[in-house]
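Residue-level structure breakdown
Single-letter residue listing:
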Amino acid sequence: MKIKHIAIVGCTGSIGTQALDVIAANPEHFKVEVLVANSNAALLIQQAMATQPNAVVIADESKYQEVKEALQPHDIKVYAGARSVEQIVEMESIDIVLAAIVGYAGLASTLNAIRHKKTIALANKETLVVAGDLVTRLAMENGVNIYPVDSEHSAIFQCLTGEWENSIEKIYLTASGGPFRGKTRSDLASVTREQALKHPNWSMGAKITIDSATLMNKGLEVIEAKWLFNLQPEQIDVIVHPQSILHSIVQFNDGSMKAQMGLPDMKLPIHYAFTYPYRITTPFPRFDFFNYPQLTFEKPDLETFTNLALAYEALKKGGNAPCIINAANEVAVDAFLKDKIRFLQIGEVVEQALAKAHFIAIPDYEQYIASDADTRQLAQAIIQQHYSSHL
Ligand code: NAD
Ligand code: MG
């Protein structure tokens, strides 16, 4: 395998730091070409010193001087600002862009990387939720491969390898169920941010951890799967599998099913996205059957976790509906993390935003941008109007 030059866009987060572990474990296969962070200058500087990339970008311009001065003795270019985040992925020497920014903020840089024919390792699922039709069409036009990093989608992708000619009957996305599996709505009325941030199996960024607790994460993943694997909503099922060992399952038209399994460790799907179609030896821990004598499966509770039902509704509606639920959810999760709303109100904000926001059946890029911005305002107004005095 030729050495891969990688841009890590979102290098200071959970996925970004694990990607750096993957790269450090295989220096003969991977080289860090570019690092991009939002505002954590100290960690970006430390990572840049350790990996000696060609360039780094800090989105927060107020941190530019700090990063510039620290990296002065090194031969590393330093840029700042949102425009630079978008433009840096064009760099000639980059082979793979790991899209690991969280939320809608990841869309512009991923689109630009596709335009410049970079292979995409996609962690940022919101990119496909917001504008899956545009992203997949652009990738097609540019002959760009998008390799999933999300563990469930990596599992489906691994099951499909060697099966490209065969028909998929359906897929099963597995969900851990999050920290509140088995709880009722009345149990959830007063759960705290700290409880919601305690995921049983995965250690992740705050936003996706809350999405896992509300099951919105699985809803976003259903939409992500539609675009990655060209499926109809009826072909995508969710099953709760609390041990997170079977990462997802494909059922083919002959009734045969393939599952991909392994320890819940994001380094594995990150690794596969970097090395596909090859597999190379890793030093990471191996699965032991006798630590997991039982693997269990349950139906998701759509009445308690309404966000999953809302995501299916948005997927079936199409157009900008997924963009609307994504924007409303980002605002609501942020408000919950800031103690402005309660846990169950996250779903209520999303539901009201979906009902009220302007629907567009076939949006173009500008309309997606406007729809995201308008829905954010709408969600803020809903929070202000209904919830600000309820805590
Ligand atoms: P995180 O919050 O830990 O990290 C986010 C990263 O994005 C940080 O490096 C931050 O600096 C950067 N960032 C945020 N906004 C930015 C901006 N405007 N400009 C530039 N950089 C910006 O998040 P995470 O848990 O690593 O998740 C990243 C993405 O991967 C999300 O879309 C998430 O859904 C997806 N994902 C994560 C996991 C996981 O295990 N963490 C698993 C599957 C999918
Ligand atoms: Mg996932």
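Residues numbered from 1 in each chain as written. Chains lettered and ligands numbered in written order. Predicted model: local features only at pLDDT ≥ 70, side-chain atom pairs only at ≥ 80, totals over all residues. Heavy atoms only, no water.

Quick look at the sheet that holds strand E1 (residues 4-9) now. With parallel pairing, the 7 strands of this open sheet are ordered in space as E4-E3-E2-E1-E5-E6-E7. The open sheet has two free edges, formed respectively by strand E4 (77-80) and strand E7 (146-148), since each of these has just one partner strand. The average undirected angle you get between the axes of adjacent strands in this sheet is 20°. Where strand E5 (residues 96-99) meets strand E6 (residues 119-122), 4 bridges bridge the pair, whose relative direction is parallel. In the sheet register, Ile 96 faces E6, and the bridge partner there is Thr 119. With respect to the sheet, helix H3 (residues 64-71) is in contact with strand E3 (55-58) and E4, its orientation differing from that of E4 by roughly 175°. (Pairing = 2+ DSSP bridges. Helix = DSSP H or I, 4+ residues; strand = E, 2+ residues; numbered from the N terminus. Axes fitted to C-alpha atoms, helices over the stretch in contact; angles between N-to-C directions. Contact = heavy atoms within 4.5 Å.)

Structurally, His 358 can be placed in the loop between helix H15 (343-356) and helix H16 (365-387). Owing to a relative accessible area of 63%, His 358 belongs among the exposed residues under this scheme. Considering only alpha carbons, one finds His 358 and Ile 324, 34 residues apart in sequence, at a separation of 8.9 Å. (Buried < 20%, exposed > 50% of the residue type's maximum accessible area, 1.4 Å probe, protein only.)

The end-to-end C-alpha separation of H16 is 32 Å, in line with the 33 Å expected for 23 residues at 1.5 Å each. Where H16 is buried, its residues meet helix H6 (126-141), helix H14 (321-337) and H15. (Expected span 1.5 Å × (residues − 1).)

On to the site of ligand 1. Close contacts around ligand 1 come from 22 residues, with Thr 12, Ile 15, Asn 38, Glu 126 and Gly 205 the closest. One of the side-chain nitrogen or oxygen atoms of Glu 126 is found 2.7 Å away from an oxygen atom of ligand 1. In isolation ligand 1 exposes 830 Å². Once the protein is present, 87% of that is buried. Taken together, domain 1 (4-148) and domain 2 (161-264 + 295-317) each give at least three residues to the shell around ligand 1, which thus spans both. (Near = heavy atom within 4 Å. Polar contact = N/O pair within 3.5 Å; in protein donor to acceptor, adjacent residues only side chain to side chain. Areas by Shrake-Rupley, 256 points an atom, 1.4 Å probe, with all protein chains shown as cover. Domains from an automatic or database assignment.)

Only Asp 150 (OD), Glu 152 (OE) and Glu 221 (OE) from the protein reach the magnesium ion (ligand 2) as donors, at distances of 2.1 to 2.2 Å. Positions of the donor residues of the magnesium ion (ligand 2) along the chain correspond to the pattern D-x1-E-x68-E. In this pair, Asp 150 is assigned in the loop between E7 and helix H7 (151-160) and Glu 221 in helix H11 (residues 216-229), connecting sequence segments 71 residues apart. This pair shows no difference in class: Asp 150 is buried, exactly as Glu 221 is. (Donors = N, O, S within 2.8 Å, 3.2 Å for Na, K, Ca; no water.)

A separate point is a nonpolar patch on the surface. Among the surface-exposed residues, Met 261, Phe 289 and Phe 290 lie close enough to one another that they form a single nonpolar patch of about 390 Å² accessible area. The residue Phe 290 is located in the loop between helix H12 (267-275) and helix H13 (306-317) in this model. Phe 290 sits in the exposed class, given a relative accessible area of 75%. (Patch = residues over 30% accessible without salt bridge, like charges linked within 9 Å, V, L, I, M, F, W, Y side chains within 5 Å. Salt bridge = Lys/Arg side-chain N within 4 Å of Asp/Glu carboxyl O.)

Okay, the pattern of salt bridges next. Within the structure shown, the criterion is met by 17 salt bridges. A salt bridge links Asp 60 to Lys 63, with the shortest nitrogen-to-oxygen separation between them at 4.0 Å. For Asp 60, a relative accessible area of 23% puts it in the partly exposed group. With a relative accessible area of 23%, Lys 63 lands in the partly exposed category. Between Glu 126 and Lys 207 there is a salt bridge, with its nearest N and O atoms 2.8 Å apart. Taken together, the residues Glu 126 in helix H6 and Lys 207 in helix H10 (residues 206-214) connect sequence positions 81 residues apart. Residue classification places Glu 126 among the buried residues on the basis of a relative accessible area of 5%. On the accessibility criterion, Lys 207 (12% relative accessible area) is buried.

The domain architecture assigned to the protein chain consists of domain 1 (4-148), domain 2 (161-264 + 295-317) and domain 3 (318-391). Placing the centre of domain 2 and that of domain 3 at their C-alpha centroids yields a distance of 21 Å. Facing 27 residues of domain 2, the contacting portion of domain 3 comprises 22 residues. Together, Arg 193, Leu 310 and Lys 317 form the three largest contributors to the area buried by domain 2 at its contact with domain 3, with a combined 29%. (Buried area = accessible area lost by both parts, 1.4 Å probe.)

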